[in-house]
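Residue-level listing of the chains:
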Amino acid sequence: MKRTLSFRPYVLIVILFVLIFGISDYLIIRSIEKNFLQSIENQYINYASIYSQGLTKTAEAYRIINDMLERRILSAIKTVSLYSEQVSNEILDELADSLAIDEIYWYNPEGVIEFATKGKYIGWTATPSHPVHNFMISELTSYVEAIRQDTESDEYYKYGYFKLNDGRFIQIGVHADVLEDFLAPFETIRMLRDMVDYSLVDNVYFINPDYSVTTCCNPELFDLQLDNPTIRQGIDSRTTFSIRHRLESLGQEIYEIFIPVFVQDEFMGTLVVIKSTKEADAITNTTIVISIIVSLIVFASLTYIMLANYIHNKRLVTLAYKDSLTGLSNNTHLQQVLDDILAEPQEQKTAIVMIHCHNIGSINSTYGLPTGDKVLKEVANRLLTLVTDEMQLFRFSGNRFVLLIKNYQNQAELQALAEEIISILETPLEFIGRPIEIKIGIVELEPGAQTMEVLSKASMVIHYLEQGQTREPLAFFDTKVEEKLRREEIIAQELSEFLANPSLNTLYLEYQPKLALASNQIVGFEALSRMNSPTLGRISPIEFISIAERQEKIVPLGYWVLETACKFVNKLYDQGYQDLYVAVNISVIQLLQKDFPNKVEEIITKTGINPKNLQLEITESVFTDDFDDIQAKLRPLRELGLTIALDDFGTGYSALSRMGELLVDFIKIDKSFIDKILLEDEQKQIVQELISLSHKLDLTVVAEGVEEEKQRDFLLKAGCDIMQGYLFSRPLPEKQALEKLKSHYNTKA
């Protein structure tokens, strides 16, 4: 069943968008408003700091002026004391004018004023506990009082005193107006008015610690006692706080910020700054308008995009289930159809027939992709001629088709259909003059199966057929196929594990001795790989090597064999055999690697053997791939000192015509020739000619698979140089091979 495109998700996206933007706009507006008010609060905290600094400066100015007055009074007293012998009221008046002193009084030892700038006080006597009397009876020579109210005039003065040696003393006074004139710029009320006048705030006032308003720009607030518990609690916390509320008298909202003021860590009171929220409201309203406009633009754009996307996706959904080349339903549709079938109880038999066009890749390489596409269209058209109401044809992948079949009777019916498919597809195509090579895998659907499992089984059957496990072009998925594929999977996995960790010893080498026919001496060994699977037991070399090639593990496996064989050469050295060589089979895939000569040289260097003790065996089929490239790889190896043997010689004919050009040193006659020399005279003649031709080309001849004494006698007479086979020895494990070598030489001795 095809899926349809629903409009509901798009509606949900729109709703989600509206919610997200609505919440985002609200949070942004609140954040802007909060930040604006916070900036105002920070600004007014700075104003409070300036205010507290003003109070500090007032106190500091007072101290400085007071110190100046004290020094001035003391200096003036000393000057006046110089006239002790000629004192008079006139002289005191002159001194007061010249010294800028308001009052001068001259006392006798009994505390009675004798002379003064103000004559009305002459004769005045200091009474006990009076400040003048206190100085008179003290031990002090000089003293300056703090500003105090005069007991006679009730005005404020700052007085200083000085005693003469004869008991008389002098009092000098400066009126307190001097201090007030100097401190006028530091008045708190003036500072508050400046803040309002410069439009820094709308209003400001100062609250004493007793919650009364002492300084304010609004006269109506003077001496107001605050009784609001929230405000009192905030003031008592000695921290900055703010309140936003509506002031009915002004008909608007205001923002009040309460800032504690400290002078030298002493709490002096609270500065209250009032600011209208008009500016904040204006910014908020502007932000709301901008957010709405932006949201509408984005919403309109998103709606357009979603609508266009919906139309486009609807078109894609229509195309998603069709193969653009053949017009057939595609793999996506196939999987959904299988999902639907397998999800329900199966009331009728259902199967899939996977059709693999084996040689499409070759056709593409030979004739080009347009021709390959044309072939696939023709295959689709031919298959459609077989489709009935109980069938549905799909294009599964590049070179595979799947036929879904329902309501069939038995496997015989499926096999008959598969054979008919093979018949119509193997008819040669006119435009290329060749047939399509077909492999067919059949899988019957079972209860509880999964879609990917079914398709995987069909692909496994195709893989099974391509391995050449059977000569038939079609097969059902059954236990036999599954076991074969499972076995390959196990072998491949164990090969990977061994190559990652050779200490597992899953693979090992055996060595088959090579015997010189003329001298009957062992001249070398052929290294042969063996596998002992932990799961499956001994595996034949043909099986695990072919799996290694298919699984792309043959190259690392080949280098392991080569290095292990070189280590065996070192053991031959240790036993005193310096002239024997070990032959190693090299696969075509390994030989075609670009870095093959370098890798071989690295292994030789690593193991430290003499290159002359190593021989590489290659099959003559390698020369059919790229003669020049193979020659280029063999040349540096021969120059290094290795010998090259052409293995299984005679099984093909590609090398015969170019024997003189081959960069090889040994020719190995295939066992198939050796088996027949005792049965066919013609075969004997062929072998003799091969040996003779090889010798003319200065090549050493090795006979493989010698199992009978008569074969050995014939080869000796024919001039064959070396033999190997069960007649002399089977392939042996390393230890037994060394023992065989030692035993043979001892026997010869």
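Each remark here, short or long, concerns the structure printed above.
From a predicted model like this one, the values you see are computed outputs, not experimental measurements. (Residues numbered from 1 in each chain as written. Predicted model: local features only at pLDDT ≥ 70, side-chain atom pairs only at ≥ 80, totals over all residues. Heavy atoms only, no water.)

Draft legend 1. Quick look at the pairing of strand β22 (residues 643-649). Counted residue by residue, β22 has six buried out of seven residues, so it is predominantly covered. By the bridge criterion, three bridges tie β22 to strand β23 (residues 666-669) in an arrangement that is parallel. Pairing of Ala 645 across the sheet is with Phe 666, part of β23. (Buried < 20%, exposed > 50% of the residue type's maximum accessible area, 1.4 Å probe, protein only. Helix = DSSP H or I, 4+ residues; strand = E, 2+ residues; numbered from the N terminus. Pairing = 2+ DSSP bridges.)

Draft legend 2. Up close: the packing of helix α17 (residues 596-607) against helix α18 (residues 627-640). Interaxial distance between α17 and α18 falls to 9 Å at its minimum, and their mutual angle equals 25°. When the axes of α17 and α18 are compared, the pair comes out roughly parallel. By crossing handedness, the relation of α17 to α18 is classed as right-handed. Here Phe 596, Pro 597, Val 600, Glu 601 and Ile 604 of α17 come into contact with α18, specifically with Lys 633, Pro 636, Leu 637 and Leu 640. Partitioning the contact of α17 with α18 into residue classes produces seven nonpolar, no polar and two charged. (Axes fitted to C-alpha atoms, helices over the stretch in contact; angles between N-to-C directions. Parallel < 35°, antiparallel > 145°, perpendicular 65-115°, else oblique. Left-handed = near helix turned anticlockwise from the far one by under 90°. Contact = heavy atoms within 4.5 Å. Nonpolar A, V, L, I, M, F, W, Y, C, P; charged D, E, K, R; others polar.)

Draft legend 3. Inspection of the sheet that holds strand β12 (residues 350-357) at higher detail. Ordered in space as β13-β14-β12-β15-β16, the five strands form an open sheet in which the pairing is mixed. Strands with a single pairing partner mark the edges of an open sheet, and in this sheet they are β13 (391-397) and β16 (474-476). Neighbour to neighbour, the strand axes of the sheet diverge by 20° on average, direction disregarded. As defined by bridge partners, strand β15 (residues 438-444) adjoins β16 across three bridges and the pair is classed as parallel. Paired with Gly 441 across the two strands is Ala 475, which belongs to β16. The sheet contacts of helix α12 (residues 451-466) involve β12, β13, β14 (400-406), β15 and β16, and relative to β15 the element is tilted by about 145°.

Draft legend 4. Looking closely at the side chain of Asp 323. Here Asp 323 lies in the loop between α7 (278-320) and α8 (331-343). You can call Asp 323 buried: its relative accessible area is 14%. Reaching out from Asp 323, the side chain makes a polar contact with the side chain of Arg 395 at a distance of 3.2 Å. For Asp 323, the residues in contact, after removing those within four places along its chain, are Leu 328, Asn 330 and Arg 395. (Polar contact = N/O pair within 3.5 Å; in protein donor to acceptor, adjacent residues only side chain to side chain.)

Draft legend 5. Summary view of the packing of aromatic side chains. Throughout the structure, instances matching the rule amount to 13 aromatic pairs. Ring centres 5.5 Å apart and planes at 25° place the aromatic pair Tyr 157 and Tyr 159 in the stacked group. Between Phe 498 and Trp 560, the ring centres sit 4.9 Å apart and the planes meet at 85°, which makes this aromatic pair edge-to-face. Separated by 62 residues along the polypeptide, Phe 498 in helix α13 (residues 479-500) and Trp 560 in helix α15 (residues 554-574) bring together distant segments of the chain. Accessibility expressed as a relative area gives 17% for Trp 560, which makes it buried. Among the aromatic residues, those joined into a cluster by ring pairs are Tyr 107, Phe 135, Tyr 161 and Phe 169. Sitting over the ring of Phe 135, Lys 163 keeps its end group 5.2 Å from the ring centre. Here the basic side chain of Lys 740 rests over the ring of Phe 728, its NZ or CZ set 4.6 Å away from the ring centre. (Phe/Tyr/Trp six-rings, centres within 6.5 Å; stacked < 30°, edge-to-face > 60°. Lys NZ or Arg CZ within 6 Å of the ring centre and 35° of its normal.)

Draft legend 6. Inspection of the pairing of strand β21 (residues 614-619) at higher detail. Taken across its six residues, β21 has five buried, putting it largely inside the fold. With four bridges connecting them, strand β20 (residues 581-585) and β21 associate as parallel partners. Looking at β21, one finds that Asn 585 is bridged to Glu 617. The sheet contact formed by β21 and β22 spans five bridges and is parallel. Within the sheet, the bridge partner assigned to Leu 616 lies in β22 and is Ile 644.

Draft legend 7. Layout of the environment of Glu 94. Topologically, Glu 94 is positioned in helix α2 (residues 89-99). With 23 residues separating them along the chain, Glu 94 and Thr 117 place their C-alpha atoms 9.0 Å apart.

Draft legend 8. Layout of α13. With 22 residues, α13 extends 31 Å between its outermost C-alpha atoms, agreeing within 8% with the 32 Å of an ideal straight helix rising 1.5 Å per residue. Within α13 the residues assigned to the buried category are Val 481, Leu 485, Glu 488, Ile 490, Ile 491, Ala 492, Glu 494, Leu 495 and Phe 498. (Expected span 1.5 Å × (residues − 1).)

Draft legend 9. Here's a closer look at the environment of Phe 258. By the element assignment, Phe 258 lies in strand β10 (residues 252-263). Along the backbone, Phe 258 and Thr 239 are 19 residues apart, and their C-alpha atoms lie at a distance of 8.2 Å.

Draft legend 10. Structural view of the nonpolar core. Phe 525, Leu 572, Leu 614, Leu 616 and Leu 715 are the most contacted members of the largest nonpolar core, which has 79 residues in total. Looking at which element gives the most residues to this core, the answer is α15, with 13 residues. The residues touching Phe 525, leaving out its near neighbours within four places in the chain, are Tyr 511, Gln 512, Pro 513, Lys 514, Phe 568, Leu 572, Leu 580, Tyr 581, Val 582, Ala 583, Ala 737 and Leu 741. The next biggest cluster of nonpolar side chains, apart from the first, holds 33 residues, and it includes Ala 351, Val 375, Leu 386 and Leu 425. (Core = buried A, V, L, I, M, F, W, Y, C linked by side-chain atoms within 4.5 Å.)

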